[in-house]
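Survey of secondary and tertiary structure
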Amino acid sequence: MASTDPERRDEGEREAPAGEDEDTGAQVAPIVRLEEVAVTTGEEDEDVLLDLKAKLYRFDKEGNQWKERGHGSVKLLKHKETAKVRLVMRQAKTLKICANHLVLSTTKMQEHAGNDKSCVWHATDFSDGELKEEMFAIRFASVENCKKFKEMVEEIAESVGKDEENESKDASAAAGLMEKLTVSESKSEENPTTEVPVAADEKKEEEKSKKKTKAEEPSSAA
């Protein structure tokens, strides 16, 4: 017979879950033990010159339209040994590379028409594992960040151009010096060959003179 006493009914309801929550003191060891793994990004030998949040687009020639490449962090990295600077951008969540190319003397940044927070440029990109000619557009959250990015890329490109010009001058000077040395060596090798016949002619003249003198001497038999 069911009890109509609310207090006894409440006690029964309170006692039931008490058995379920009883602590047995047992300890369960994890089935899989996870160990820390060192992750390399390929940026360990580079210094970060610039690091900004942005959204990247690439121009699809076949569809004749801009397509989003990803949003995340765009960096300008300078190699500690070669001093070469590359532009690298990774997607925020997956860290997948969506742009990876060197900043060259030919890298030219242009403002995107109608948007002062964006700029456009051409590059030979390697983000997909092979070199491809791409046209990129990047959009920042502020005009200041876009200006900072554009000015730094242009400054690096100008510096690379000056270095290439100096290397070209040094190469030309070295080539000119080598040419002069080659001409000097050539002349020094020719001089002995032109003096030999002269020496031979002088010897012949000397022998003729001796014969003539001997012929003119009086005979001892006389």
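Residues numbered from 1 in each chain as written. Predicted model: local features only at pLDDT ≥ 70, side-chain atom pairs only at ≥ 80, totals over all residues. Heavy atoms only, no water.

Just so we agree on the cut-off: UniProt positions are given in the numbering used here, feature names are shortened, and annotations may be inferred rather than shown by experiment.
Looking at an unreviewed UniProt entry, one finds the chain named Ran-binding protein 1 and attributed to Cocos nucifera. UniProt, in the comment section headed Subcellular location (unreviewed entry), describes the chain in these words: "Nucleus, Nuclear pore complex".

1. Things to note about the environment of N100
Applicable threshold: Elements are defined by DSSP. Helices are runs of H or I of four residues or more, strands are runs of E of two residues or more, and each kind is numbered from the N terminus. Here, residues are in contact when the closest pair of their heavy atoms is within 4.5 Å. Polar contact criterion, stated in full: a pair of N or O atoms within 3.5 Å, where within protein one must be able to donate a hydrogen and the other to accept it, and residues adjacent in sequence count only if both atoms are side-chain atoms.
Mapped onto the fold, N100 is located in strand 4 (residues 97-102). C-alpha of N100 to C-alpha of V88: the two residues are 12 residues apart in sequence and 4.6 Å apart in space. Look past the residues within four positions of N100 in its chain and what remains in contact with it is R86, L87, V88, D125, F126 and S127. Among the polar contacts listed, one links the side chain of N100 to the side chain of R86, at a separation of 3.0 Å.

2. Remarks on the nonpolar core
What counts is decided by this rule: Definition of nonpolar core: a set of buried residues of the types Ala, Val, Leu, Ile, Met, Phe, Trp, Tyr and Cys, connected through side-chain atoms within 4.5 Å. Exposure classes here rest on a 1.4 Å probe applied to the protein chains alone. A residue is buried below 20% of its type maximum, exposed above 50%, and partly exposed in between.
Of all hydrophobic cores here, the largest spans 24 residues; its most connected members are V74, W121, I138 and F149. Those elements that place two or more of their residues in this core are strand 1 (46-60), strand 2 (65-79), strand 3 (85-91), strand 4, strand 6 (118-125), strand 7 (132-140) and helix 2 (143-216). For this core, the element with the most residues is helix 2, which contributes 5 residues. Residues contacting V74, with those up to four places away along its chain left out, are L50, D51, L52, A54, L87, V88, M89, I138, F140 and F149.

3. Concerning the packing of aromatic side chains
Stated precisely, the cut-off is as follows: When the centres of two rings from Phe, Tyr and Trp lie within 6.5 Å, Trp using its six-membered ring, the rings pair. Their planes under 30 degrees apart give stacked, over 60 give edge-to-face, and anything left gives tilted.
In the structure shown here, the tally under the stated rule is 4 aromatic pairs. With a centroid separation of 5.6 Å and an interplanar angle of 40°, the aromatic rings of W121 and F136 are classed as tilted. Note that W121 is positioned in strand 6 and F136 in strand 7, a separation of 15 residues in sequence. One exposure class covers both W121 and F136, and it is buried. A centroid spacing of 5.9 Å and a plane angle of 55° characterise the contact between W121 and F149, whose relative ring orientation is tilted. Of this pair, W121 sits in strand 6 while F149 sits in helix 2, and the two are 28 residues apart along the sequence. Accessibility expressed as a relative area gives 1% for F149, which makes it buried. What links up through ring pairs into an aromatic cluster is the set W121, F136, F140 and F149.

4. Here we look at the side chain of S118
For S118, the position within the fold is in strand 6. Discounting chain neighbours no more than four positions away, the residues touching S118 are E111, H112, I138, R139 and C146.

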